[in-house]
Each structure stands twice: as structure tokens, then as C-alpha cells.
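Take a look at the letters that make up each chain.
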Amino acid sequence: MTDHHCILVLADQLDWSNPALAEARPGIDTIVMAEVAEEANYVRHNRHKIVLLFSAMRHFAEDIQARGFSLRYFYLHDKLPSLAAAAHQALRETGATRLRLCSPGEYRLSSEMDAWADRFGLPVDVLEDTRFLCSLAEFNRWASGKKQLRMEYFYREMRKRHQLLLDQGDPVGGRWNYDAENRVGWRNQQPIPPRPDIAPDKMTREVIEEVTRAFPDNPGDLSQFRLAVTHEDAADQFEWFCQVALPSFGTFQDALVEESPWVFHSLISMYLNCGLLAPLVVCQRVENAWRDGHCSLAAAEGFIRQVLGWREYVRGIYWLHMPEYAQRNTFSATRPLPEFFWTAKTDLRCLQVALSQSLDLGYAHHIQRLMVIGNFALLAGLDVKAVCEWYLAVYVDAYEWVELPNTAGMALYADHGTMASKPYAASGKYIQKQGNHCKQCRYNPGKVTGEEACPYNSLYWHFIDRHKDVLKTNARMGLILGNWRKRAADEKAAIVGWADELLTKL
Ligand code: FAD
Ligand code: DLZ
């Protein structure tokens, strides 16, 4: 008799290229999916993320059955506590001789799974996740022997390997990177098109009701839930981006905008990260948009660099350095997370906008995450683990493999430069330059001390002053440290004293 296997599919592995599914045998194997409390509660997840995953799982489950597979689906109300409990129960019910699954995206789960074979008393095959464009072995090979890793060089290799934006092996247009053209600040230059709405279908409406009941204290305003939950709808959303927003994506990639949470961004990270979209497909589609004359090279290259470069790079860094990476804290930052991270009640306009949309929608674009919220956390010396946990909880696209290097590494410089060549610390002037929040704010980005002064300004100098010994080892910080050193002692004392007062009030 043929051996019968159970194939466990996690909520962020919802595609047929999932290696465990690719080998599944209809009529023989049982596919197992489970909505479980442990995964929903390991941080206070945004309800948008829970609805997205549960509804996408239920829609994918329909597809699985339509293709003739047996399915064991555990609903939240079945009250299976954990993925291990669900897998174990499915193995017992079906009498399967083996469990197979694609390796998970978080170290926490991956190390737990090491004990599953003993616990279940049968073989457990954890297959390499082949849904990325760079395998972990390839990344490790690229990283090996290098004193310092930089995304830009990795990205060039990836462009060559996947034949993207190349002209006979050279970068099209003669340059690898058009970032310098993608930093225009927002001054209401053009209308921002409204996003096409996806009305939740019956299945999603049921999930919304269940999640509202089961997670009453989690962030997320579900009356605003408009995410795609199927491959088809995610592809339509991405196509809308390519046709309507992509031409302006590059130019305003770093813009901070009062009127729109999304600006011209693609809004696809949540789909890429759970399997509703595939990274190579979106890169190729964007390259074709450029080749068809639909967008500038700066827009196409800017987009492809994010997906082919940054997304793959952060994953490589995560698995290269875990579990030690999660313990790093360059600046020994331990200040507790202020309550307003969970309420958005702050009179700093840029921070209030970024926090409230993060809590309500589970979305903020890169510059809001990095230069508004992350920058504030860096300057204020907020506890690295607490900040990382907040990011993991709040965003619909957050899984530790991508969240941790971005938050601890890029935003907080807690990894001492593994991700970023210098801390992304900035004063209120940067925020003013990039957008129009300051006009609505009670603070003045031109002032450094006093009740009207933008808090980012004195906090910025406080950060430079308190970490000057660490920062002076970084050549890129030399100019700014020199400027600070040259200032009069009483002026420095006034700025540091004012920032101290602000920090005490936090
Ligand atoms: P776009 O701006 O349209 O970019 C296109 C795509 O590029 C994104 O969908 C994403 O897949 C990819 N991308 C862009 N930048 C990055 C990056 N730095 N790392 C990885 N992929 C990238 N992204 C996540 O997917 N999950 C997270 O948990 C996450 N946490 C972050 C935390 C911090 C502190 C920072 C600074 C960034 C974080 N990012 C994270 C990266 C980035 O902010 C989001 O991918 C992006 O904002 C998602 O919106 P979008 O789809 O509209 O992206
Ligand atoms: C994030 C999440 C949530 C909220 N719920 C589930 C779940 O009920 N079942 C499941 O299989 N996966 C869930 N996930 C995604 C997992 O946490 C994810 O697979 C790991 O974080 C690894 O990336």
C-alpha cells in the first residue's frame, strides 16, 4: 500500500509552488491547514493581518479541494492551541506515516519543529522554501569571506542571475541604481489616484466577524478591511499598481503625504509574504512596463531593487545571523515603549499619522516605518525588543524574517551596521523636506529647543551626543560629529537639557 503523508501548509505559504505542495499526490495525501491561537497570539497581531491570513487560507482551501486533494482544515473555533497540536491530530486521524512541510519563515517555529519528529514518532520533512529568488545556501556562499556585506553588490548579482534590467550583461541605461532620482518630497504636485476597492465577500465577512469577536483588544479597524484574499484579486491589485501608480512610484517613493497612506506605493508586501503573489513575476511585469514605455527606468529599477534586492537581502541576513541577531542592541536602548505607540495619541503630526494608519490599517510605507516611527524610536532610545515586537504585531506584512533586519538593523542600528552603513537618524528638517505633515503640526521644524520646537530636533542631537563614542568609529558620521563638537558648550547643554525633559515626559 502507498504511504500516506500529511502536508502542513502554514498561513504564509499559500501557493502551489510551495515545495511541499508541489510534490503532493491528489487522492493519496492529506493537506492540513490550521487557524491556531498560538500563531495568532504570539504578538498582539493587527486584526487586518489575522483576517487576511484566515480568509486567504479558507479561499486557498477551496482551491485545494477543487484540485482533488483531501483536506483537514482546523478553524479557530476548533480551538487547536498550536500548529504542533493540529499537525499531531491530523496525523493521528489519517494514520499518515510522514509529515511534510515547507520550512517556516521564523526561527521561533523552525527551531520548535526540530523536535516534532520525536514528538510525533514519525519522520518530519521540512523542505527548503523555494519561493524566494535567492536560496539560503546561495546567500551564504555570496556572504562568505566578505568583511562587510552591502545590499547594492548583492542586488547586482541578483540582477545578473535573474536577467532583470540587463543589456547584454550590463545594467540597462548604464547604471545599476537610480535611487538619487527617487527622493522627491511631497508638495501636492499631482493627484493621488484612489485605490480600487475590494469589497469583502461572504467568506471574508464571516472571518471579520469571528476575528472581531476573538480578538477584541487587538489593533485594526476592520470596517476598513479591503485587502485581496485570493491570488486573482492580488494579481488585479498589482496590475492596477502597474498601470496607474508605477509611473509615479519612483519619484515619490520617499515622500511623506498627509492625504494618503499609500501614495504611489504598490501595497503588495502582504501578498508576496503569504504567497498570493510571486516575486519574480512582479519584477518581470515591472520590467516589461518600462520596456513598453509605460514608466521611467528610475521607477522600474526602484521597484525591482526593493523586491529583488532588499527583500531577498533581509531574508539572507536574518537566517545568516539568527538566533544571535535578535539579541543585538548597539546603543543599549532600553526605554519602555510609550503608550502612544498603541493609541497614536501624540501631537507630533507625522508620528500621529504614521501610527494611526499603522494601527488602523496595518500599513505604513517604508519612509514612515523608517524615518518617522523608526527614527523616533532610535533617537529616543526605545527598547529594541519592544520596538521589534511592536512592528511584528502591527503590520499586515510582518514576519520575523523580514521585520527583524528592517527594524533592529535598518531602523535602530541595533546590529551595529550589518544592515545599514550608518544609523538612519534624522532631525525634523528631513521630515519637513520629504512631505507636508509639518504644516499641520503644532511644532516648528526650524526650532530646536522650547515648547514650539520639533522634538525630532533636540532628540537628534541628544542621540548624537550620548552615542558619540560609538558613532566616531563610523567614518560616515564624522561630519555630523564635527558639527556638534564645534558648537558652544552652553548651546549644547541647552539642547541636551531640553531633550532630556522631553524624554522624561515620554
Ligand atoms: P513598495 O514601497 O511598493 O515596495 C515594493 C516591495 O518591495 C514591497 O512590497 C516589499 O515586498 C519590497 N520591499 C521594499 N523595501 C523592503 C525592505 N526594506 N525589506 C523587504 N522588502 C522590501 N516589509 C515587510 O514586508 N514586512 C515587514 O514586516 C517590514 N517591516 C519593516 C520595518 C521597518 C522598520 C522598515 C524600515 C521596513 C519594513 N519593511 C517590511 C519594508 C517595507 O517598509 C515594506 O515592505 C513596504 O513598506 C511595504 O509596502 P509596499 O508593498 O507598498 O511597498
Ligand atoms: C501570522 C499567523 C497567524 C496570525 N495565524 C496563523 C495560523 O493560525 N496558522 C498558521 O499556519 N499560520 C499563522 N500565521 C503565520 C505563522 O505565524 C507563520 O507561518 C510564521 O510566522 C512563520 O513565518
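The rules behind each value
Position labels on residues start from 1 in each chain and follow its written sequence. As they are written, the chains are lettered A onward and the ligands numbered 1 onward, keeping that order. Confidence filtering applies because this is a predicted model: local features only for residues at pLDDT of at least 70, side-chain atom pairs given and counted only at 80 or more, and all residues used for totals across whole chains, interfaces and linings. The basis for the side-chain values is all heavy atoms of the structure; hydrogens and waters are excluded. Under the scheme applied here, a residue whose accessible area is under 20% of the maximum for its type counts as buried, over 50% as exposed, and between as partly exposed, the area being computed with a 1.4 Å probe on protein chains only. Helix and strand assignments come from DSSP, with helices taken as H or I runs of at least 4 residues and strands as E runs of at least 2, each series counted from the N terminus. Strands are treated as partners if at least two bridges between them are detected by DSSP. Any residue with at least one heavy atom within 4 Å of a molecule or strand is counted as near it. Under this definition, polar contacts are N or O atom pairs within 3.5 Å; protein pairs additionally need one hydrogen-donor-capable and one acceptor-capable atom, and for neighbouring residues in sequence, both atoms have to be side-chain atoms. The Shrake-Rupley method, run with a 1.4 Å probe, gives the accessible areas here. Residue values count only the displayed protein chains as cover. Between Lys or Arg on one side and Asp or Glu on the other, a salt bridge is scored when a side-chain nitrogen of the former is within 4 Å of a carboxyl oxygen of the latter. For helices, the fitted axis covers only the stretch in contact; all axes are lines through C-alpha atoms, and the angles between them, taken along N-to-C directions, range from 0 to 180 degrees. For this classification, under 35 degrees means roughly parallel, over 145 means roughly antiparallel, 65 to 115 means roughly perpendicular, and everything else is oblique. When the near helix sits turned anticlockwise from the far one by under a right angle, the crossing is termed left-handed; a clockwise turn instead gives a right-handed crossing. Two residues form a contact once any of their heavy atoms are found within 4.5 Å. Domain borders in the structure are assigned automatically or taken from a domain database. A quick way to say it: buried area is the sum, across both parts, of accessible area lost when two parts are put together, with a 1.4 Å probe. To estimate how far a helix should reach, multiply one less than its number of residues by 1.5 Å. Remark: nonpolar core denotes a set of buried residues (Ala, Val, Leu, Ile, Met, Phe, Trp, Tyr, Cys) joined through side-chain atoms within 4.5 Å. Side-chain rings of Phe, Tyr and Trp, where Trp is taken by its six-membered ring, are said to pair if the distance between their centres is within 6.5 Å; with planes under 30 degrees apart they count as stacked, over 60 as edge-to-face, and otherwise as tilted. Cation placement over rings: the criterion is NZ of Lys or CZ of Arg within 6 Å of the ring centroid and within 35° of the ring normal.

Asker: Before we move on, could you go through the pairing of strand β1 (residues 5-8) and cite the residues and values that matter?
Answerer: Burial along β1 is two-sided: the face carrying His5 and Ile7 and the face carrying Cys6 and Leu8 are both buried. Looking at chain direction, β1 and strand β4 (residues 98-102) are connected through four bridges and run parallel. For Cys6, the partnering residue across the bridge sits in β4 and is Leu99. The sheet contact formed by β1 and strand β2 (residues 30-34) spans three bridges and is parallel. Paired with Leu8 across the two strands is Val32, which belongs to β2.

Asker: Pulling in residues and values, what's your account of the site of ligand 1?
Answerer: Taken together, 29 residues form the shell around ligand 1, and within it His265, Ser266, Leu267, Asn273 and Tyr363 come nearest. Between an oxygen atom of ligand 1 and a main-chain N or O atom of Ile268, the distance comes to 2.9 Å. Note that a nitrogen atom of ligand 1 is positioned 3.5 Å from one of the side-chain N or O atoms of Arg369. Across the complex, the protein chains shield 99% of the 810 Å² of accessible surface that ligand 1 would expose by itself.

Asker: Kindly report on the pattern of salt bridges, identifying the contributing residues and their values.
Answerer: By the definition in use, this model includes 31 salt bridges. Between Glu206 and Lys202 there is a salt bridge whose closest N-O contact spans 3.1 Å. Residue Glu206 and its partner Lys202 are located together in helix α9 (residues 202-214), separated by four residues, close to a single helical turn. For Arg369, the salt bridge identified is with Asp397, shortest N-O distance 2.9 Å. Placement of the pair is Arg369 in helix α16 (residues 366-380) and Asp397 in the loop between α17 (384-394) and α18 (400-411), with a sequence separation of 28 residues. Residue Arg369 is classed as buried on the basis of its relative accessible area, which comes to 18%. Within this structure, Glu23, Arg98, Arg100 and Asp125 form a network of salt bridges that share partners.

Asker: Got a sec to walk through the packing of helix α10 (residues 231-249) against helix α12 (residues 279-291)? Specific residues and values, please.
Answerer: Interhelical geometry of α10 versus α12 gives an angle of 30° and a closest axis separation of 11 Å. The orientation of α10 with respect to α12, classified from their angle, is roughly parallel. Note on packing geometry: the crossing formed by α10 with α12 is right-handed. Contacts between α10 and α12 involve Phe238, Glu239, Cys242, Gln243 and Leu246 from the former and Val282, Arg285, Val286 and Ala289 from the latter.

Asker: With reference to specific residues and values, describe the domain arrangement of the protein chain.
Answerer: What the domain assignment lists for the protein chain is domain 1 (5-127), domain 2 (136-198 + 231-321) and domain 3 (340-504). If you average the C-alpha positions of domain 1 and of domain 2, the two centres end up 30 Å apart. In this complex, domain 1 contributes 14 residues to the contact, which on the side of domain 2 involves nine residues. Approximately 720 Å² of surface area, both sides summed, lies buried where domain 1 meets domain 2, with 67% of it carried by carbon and sulfur atoms. Counting the surface domain 1 buries against domain 2, the share from its top three residues, Leu14, Leu52 and Tyr107, is 45%. At the junction of domain 1 with domain 2, the criterion picks out zero salt bridges. Here domain 1 and domain 2 share three residue pairs in polar contact (both at pLDDT 80 or more) between them. Contributing elements (two or more residues each) for the side of domain 1 that touches domain 2: α3 (47-66) and α5 (107-113).

Asker: An account of helix α13 (residues 297-321) is requested, with residue identities and associated values reported.
Answerer: Note: α-helices contain 3.6 residues per turn, so residues at a spacing of three or four share the same orientation. Compared with the 36 Å implied by 1.5 Å per residue over 25 residues, the 34 Å span of α13 between its first and last C-alpha is a close match. Taking burial as the measure, the 25 residues of α13 include 20 buried ones, the bulk of the element.

Asker: Go over the sheet that holds β2 with me, naming the residues and quoting the values.
Answerer: Taking strand neighbours across the sheet as the criterion, the five strands line up as β3-β2-β1-β4-β5 in an open arrangement whose pairing is parallel. Where the open sheet ends on each side, the last strands, each with one partner, are β3 (70-74) and β5 (124-127). Across the sheet, the mean angle from the axis of one strand to that of its neighbour is 20°, orientation sign disregarded. Lying on the sheet, α3 is in contact with β2 and β3; it crosses β3 at an angle near 160°.

Asker: Give a detailed account of the site of ligand 2, specifying residues and quantitative values.
Answerer: Around ligand 2 sit 19 residues in total, of which Asp12, Ala34, Val36, Glu39 and Glu106 are the nearest. A distance of 2.6 Å separates an oxygen atom of ligand 2 from a polar atom in the side chain of Glu39. Take Glu106: an N or O atom from its side chain is 3.2 Å from an oxygen atom of ligand 2. Relative to its free-state accessible area of 490 Å², ligand 2 is covered by the protein chains to the extent of 100%.

Asker: Could you give an account of the nonpolar core, with specific residues and numbers?
Answerer: If you look at the biggest cluster of nonpolar residues, it comprises 161 residues, and the most contacted ones within it are Met33, Tyr271, Phe303, Phe376 and Tyr456. With twelve residues, the single largest contributor to this core is α13. Setting aside residues no more than four positions away along its own chain, Tyr456 makes contact with Leu348, Cys350, Leu351, Met371, Val372, Asn375, Phe376, Leu379, Ala426, Ser427, Gly428 and Ile431. Grouped together as the second largest cluster of nonpolar side chains are 24 residues, Cys6, Leu99, Met113 and Trp116 included.

Asker: A description of the packing of aromatic side chains should follow, citing residues and the corresponding values.
Answerer: Throughout the structure, instances matching the rule amount to 33 aromatic pairs. When the ring of Phe241 is compared with that of Phe303, the centres are 5.6 Å apart and the planes differ by 35°; the resulting orientation is tilted. Residue Phe241 is located in helix α10, and its partner Phe303 is located in helix α13; the two are separated by 62 residues in the primary sequence. Just as Phe241 is buried, Phe303 falls in that class too. Pairwise contacts between aromatic rings join Phe340, Phe341, Trp342, Phe376, Trp390, Tyr391, Tyr395 and Tyr456 into one cluster. The ring of Tyr42 carries the charged tip of Arg108 above its face, separated from the ring centre by 3.6 Å. The positively charged end of Arg315 is found above the aromatic ring belonging to Phe132, 3.8 Å away from the centroid.

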